[in-house]
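# Architecture and fold: a report
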Amino acid sequence: MRRRTPPPPAPLPQRQGVDPVRVRLPQQGAWATVREHLVERLAAGGGVVDEMFAAGLFVGADGRAVAADAPYVPGMFVWFHRELPDEVPVPFPLEVVYRDAHIVVVDKPHFLATTPRGSHVTETALARLRRELGLPTLGAAHRLDRLTAGLVLFTVRPEERGAYQTLFRDRRVHKEYEAVAPYDASLALPRTVRSRIVKERGELAAREVAGEPNAVSRVELIEHRADGLGRYRLLPETGQTHQLRVHMNALGVPILGDPLYPVVADPGPAGDFRRPLQLLARALEFTDPVTGAEHRFRSGRVLGAWASYGTWACRP
C-alpha cells in the first residue's frame, strides 16, 4: 500500500493555542488560480477572500504570501488564520491529573469543548492546555462531548499521537462513566444495551434505527435514594456520538440536564452554565503503548445533582 506523504510543517505560528487552517488544493479541478478555488471552497465571499489576499494572510509552505493571481497548482498547501469568534470564557478550572513526557491527562469541566470546532475555538481544553502548559504540539487522543465532564487524554509528541488514538479505536481503553438520572424500580439492572445509532449531519440529536447494532453500553445502578434519583455506572464498549445519552433515554431514565434527550430544548443564551449535564467520564485505564506503563486514572469531580440536587436545580 502506498504510504501517504505527510504535509509540510505549518509556516504560521499558533494563535491563542489554535493552529492555522491548512488547505490542500485538490488534484483535479477547473480553477485557474488559487483565489478561484479558495473563493469557492471557503464560502466566505469573494470580497472577504480578496481582503485576505491583499493583507498577505494566505501563505504557502515557505511562509511567503500567496498572490491572488497565483496559478492553481494541484496538491499545493495554503495556510491562513481563521478569524477567532468572540467566546464567553468557561469559568471552571481545567485540572491536570497526570503529565509526563508523552501524555497529559486532564479532568475537564462541563461546558468546555475538547478541541476547536464551530463557535468553540479558544475556549477549548486543547487550546487552553497549549497556552497554560506551553505545549504547542499537544494533541487530543480522543474527544469528550462539550457538555460531559471528566477525563481526557492528550498526547505531547505528534509522532506518538497515532499510537494512543489506536488504543481507543481498538477498544483497548477501559472507560467508565457516571451519571445521575431518575430511578425506576421496574427497570432491571444491570443490563447491556445494544442498538444502532445514527447521527445525521446538521441534526443536533442522534437517534436509534433498525439494523445491526453499532453501539453497546453496560448500565449498572450504583445506588438510589428517596428523592427519586439514581446514580449509575455506564460502561461503553463502543464510541458512537451521544451513545450513553441515547441509551439512557431509551431505557426511560434520561440523564439529568440533557438538552437533547428526550426533547431538543431551545439553546440557552451564551454563557448559560446552569444545570450541567449530569454525565462524568469517571475512569480511564490502559497500557501505555509507548512506555508500557499501566495507567489508571479517576476523576475527582462530584456530580452536582447527586451532591446537592437543590443547588444544581436552582443554580443561577
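Residues numbered from 1 in each chain as written. Predicted model: local features only at pLDDT ≥ 70, side-chain atom pairs only at ≥ 80, totals over all residues. Heavy atoms only, no water.

### A look at the overall build of the chain
Looking only at helices and strands, one finds 7 helices and 13 strands in the chain. Along the first, second and third principal axes, the C-alpha atoms of the chain reach 70 × 45 × 40 Å. Residues classed as buried in the chain amount to 43% of the 316 residues present. Only carbon and sulfur atoms are counted for the fraction: they give 50% of the accessible area of the chain, which is about 16,800 Å². Here the chain contributes 42 positive and 36 negative side-chain charges, whose respective centroids are spaced 3 Å apart. (Helix = DSSP H or I, 4+ residues; strand = E, 2+ residues; numbered from the N terminus. Buried < 20%, exposed > 50% of the residue type's maximum accessible area, 1.4 Å probe, protein only. Areas by Shrake-Rupley, 256 points an atom, 1.4 Å probe, with all protein chains shown as cover. Lys, Arg positive; Asp, Glu negative; His and termini not counted. Charge placed at Lys NZ, Arg CZ, Asp CG, Glu CD.)

### Quick look at helix α3 (residues 125–133)
Within α3 the residues assigned to the buried category are A125, L126, A127, R128, L129 and R130. Close packing links the buried residues of α3 with β3 (95–99), β4 (103–108), β5 (139–140) and β6 (149–155). Just beyond α3, the residue with positive phi is G134, at close to 65°. (Contact = heavy atoms within 4.5 Å.)

### What to know about unusual backbone geometry
The general pattern is negative phi for most residues beyond glycine and trans for most peptide bonds. Of the consecutive residues L189 and P190, the connecting peptide bond is found in the cis state with omega at 5°. That bond from Y261 to P262 is cis: its omega, 10°, falls within 30 degrees of zero. With respect to the helices and strands, P262 occurs in the loop between α5 (243–250) and β12 (279–287). The backbone of Q16 shows a phi angle near 55°, a positive value even though the residue is not glycine. For H242, which is not glycine, the phi torsion reads 60° and is therefore positive. Take H242: it is sitting in the loop between β11 (229–236) and α5.

### Considerations on the pattern of salt bridges
In total, this model carries 19 salt bridges according to the counting rule given. Measuring nitrogen to oxygen at the nearest pair gives 3.9 Å for the salt bridge that ties E176 to R298. Here R298 lies in strand β13 (residues 294–298) and E176 lies in strand β7 (residues 174–182), a separation of 122 residues in the sequence. Residue classification places E176 among the buried positions, given a relative accessible area of 13%. Here R207 and E200 are joined by a salt bridge, their closest N and O atoms 3.5 Å apart. Under the relative-accessibility criterion, R207 is labelled partly exposed at 40%. Since its relative accessible area comes to 36%, E200 is described here as partly exposed. (Salt bridge = Lys/Arg side-chain N within 4 Å of Asp/Glu carboxyl O.)

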